[in-house]
Amino acid sequence: MNWKNIVKFFLILLVFGIILFVYLANRDMDKIYGGHTKEVDYKPYDLPSLAFAITNVNVLLPDGSKFIPNRTVHINNGLIVSIDSISNKFGDIKTIDGKGRFLIPGLIDSHVHLFKSPNDLLLYVANGVTQIRELIGEENHLIWRREIQEGRLESNMYIASPRLGSFGSLEGFFMEWSQGFNNIRNSEEAEEKVKSYKTKGYDAVKIYSYLNKESYQAINKTAESLGMDVIGHIPWSLELTDIWSSNQSEISHLEEVMNVFRREFGKINGQEGADKFLEYVNQRSKEIVKDLVMNDISVTTTLWLVESFVRQKFELDNVLKEVALEYENPGISEWTKNVPQGGLGWLPEVNRYQLPENLTEKQLAEEKIFWTTYAKACQIILKNLSEGGVKIMAGTDANLPPTVPGFSLHDELISLNQAGMSTSQVLLSATSIPAEWLKIDAGKIMKGFQANMILLDKNPLEDISNTQTINMVILNGKILDRNLIDELLASVRNANNLSRKIFC
Ligand SMILES: [Zn+2]
């Protein structure tokens, strides 16, 4: 073999090596977002939308203040036809005895991530979450939404675009490949991208932290002209006044508001610094109430997740035991050790929130103060915004570690209640407030509204954790009784378990 042939041989070997590497890397990327997990067949759950009545039931008033006893709710064609005190007038349609039970609107999780895990759609339904807002949309999600026409059992979906950020070319390529970002560096690129989202069928443009000001403003302008919502983070390149003068109609985390205050305040030093920061947060959050109300900007909560940070750092095993880990897509929870930083893994070896090893006692104490303060600041902001009349929408960031789709909304509601919202306000934050934001006739039990409801065994106004006492879910007029709900849950658990390697 002469030297030319040797070079040729190695070049061919190199090309094959690169192709194999890209193939394996892409396969891994698909797997860690849940794309290799066996999908539950949705065909057996193609349920009819029925005409029926729920009799003798306690019905939540549209303002969420109390239950009215002994109502009969008549449902037909996926809509609520009437709510009255007379029963037995519907002839031979199916009736469901609601005696002693509590009927509330179906819940809305205003911040979820499906990634590549369609089994999650059934987890939402089984948990009474009849509407979701997907905040890192992908074309898969648009396809799943269309499949509702073919009888796919799923919550109603609002789908935001992929996240937008401004990066250099190489970094932009990597962020797009690894985390699905779209890279926008100037107003021309922004305009073009927003138009393409509109064509594809996304409902909103999702803003992310790394976006520059020029792109942010161009996105707002184009989205307004196309009738699209602008939602998401508060970019680091902006002041709050830039948000007030924009078309952004939602901030996707309480944490985003808190991080603006943190940037204003500077470094938090020790317990004394933490206390001063919390005073600052208290004062500043009261100041911005009027801007949020005047500009009609809603704030989504994701509070339980923030509260879990300190626990994930110091007692991850306990946290993992408390959540419904057996329903989580194992691709996501098990992740891969090949992406050590910034990943979404849940389990100890891949959990992004874990502290580095070898921290001193002093450093550990500082970490504890910092993350406890971080959560407390979000609780203070929530209380002040809620009391000031800002529209609060319950959201979980589902699929971030360790928020299990569907189940986590119930945890979120408990967190909101513990942070100072009344049980009634909490229910509104997961029903009528997001429904009004979405401009849909849902979120209230009212004549003409969508028949999306949950029948509960116990009163959630007395104890918000009673939203978990689900006896029946009604989704677009389809009836899912407790047996069917348990069957759905088992089907997801079994399908996910086929790919699960680590059983906790
Ligand atoms: Zn999120």
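If you're wondering where the values come from, they're calculated on a predicted model, not measured in any experiment.

## Remarks on the coordination of the zinc ion
Bound to the zinc ion are the protein donor atoms His-111 (NE2), His-113 (NE2) and Asp-397 (OD), situated 2.0 to 2.1 Å from the metal. Along the chain, the residues donating to the zinc ion are arranged with the sequence spacing H-x1-H-x283-D.

## Some thoughts on the pairing of strand β7 (residues 129-134)
When you tally the buried positions in β7, you get six out of six residues, the bulk of the element. Looking at chain direction, strand β6 (residues 107-112) and β7 are connected through four bridges and run parallel. Note on β7: the bridge partner recorded for Leu-107 is Val-129. Crossover β6 to β7 through helix α2 (residues 120-126) is right-handed. Two elements, β7 and strand β8 (residues 156-165), share four bridges in a ladder whose sense is parallel.

## Things to note about the domain arrangement of the protein chain
The assigned domain composition of the protein chain is domain 1 (1-32) and domain 2 (105-444). For domain 1 and domain 2, the distance between their C-alpha centroids amounts to 39 Å. Taken residue by residue, the interface counts seven residues in domain 1 and nine residues in domain 2. Buried area between domain 1 and domain 2, summed over both chains or domains, comes out near 710 Å², and the portion from carbon and sulfur atoms is 62%. There are zero salt bridges connecting domain 1 and domain 2. Where domain 1 meets domain 2, there are zero residue pairs in polar contact (both at pLDDT 80 or more). Of the residues in the side of domain 1 that touches domain 2, the class split is three nonpolar, one polar and three charged.

## Observations concerning the pattern of salt bridges
For the structure on display, the rule yields 22 salt bridges. For Glu-315, the salt bridge identified is with Arg-311, shortest N-O distance 3.0 Å. Judged by its relative accessible area of 25%, Arg-311 falls in the partly exposed class. Between Arg-482 and Asp-486 there is a salt bridge, and its shortest N-O distance comes to 2.8 Å. Of the two residues, Arg-482 and Asp-486 are both situated in helix α17 (residues 482-499); the distance of four residues between them amounts to about one turn of the helix. The partly exposed category is assigned to Asp-486, whose relative accessible area is 39%.

## Notes on the packing of helix α8 (residues 254-265) against helix α13 (residues 361-387)
For the pair α8 and α13, interaxial distance at closest approach is 9 Å and the crossing angle is 110 degrees. Of the possible angle classes, the one that applies to α8 and α13 is roughly perpendicular. The handedness of the crossing between α8 and α13 is right-handed. Across the interface between the two elements, Leu-254, Glu-255, Val-257, Met-258, Asn-259, Phe-261 and Arg-262 of α8 pack against Phe-370, Tyr-374, Ala-377, Cys-378, Ile-381, Leu-382 and Leu-385 of α13. For the contact of α8 with α13, the class distribution of residues is eleven nonpolar, one polar and two charged.

Criteria and thresholds
- Residues numbered from 1 in each chain as written.
- Predicted model: local features only at pLDDT ≥ 70, side-chain atom pairs only at ≥ 80, totals over all residues.
- Heavy atoms only, no water.
- Donors = N, O, S within 2.8 Å, 3.2 Å for Na, K, Ca; no water.
- Buried < 20%, exposed > 50% of the residue type's maximum accessible area, 1.4 Å probe, protein only.
- Helix = DSSP H or I, 4+ residues; strand = E, 2+ residues; numbered from the N terminus.
- Pairing = 2+ DSSP bridges.
- Right-handed = clockwise from strand over helix to strand, strands pointing away.
- Domains from an automatic or database assignment.
- Contact = heavy atoms within 4.5 Å.
- Buried area = accessible area lost by both parts, 1.4 Å probe.
- Salt bridge = Lys/Arg side-chain N within 4 Å of Asp/Glu carboxyl O.
- Polar contact = N/O pair within 3.5 Å; in protein donor to acceptor, adjacent residues only side chain to side chain.
- Nonpolar A, V, L, I, M, F, W, Y, C, P; charged D, E, K, R; others polar.
- Axes fitted to C-alpha atoms, helices over the stretch in contact; angles between N-to-C directions.
- Parallel < 35°, antiparallel > 145°, perpendicular 65-115°, else oblique.
- Left-handed = near helix turned anticlockwise from the far one by under 90°.

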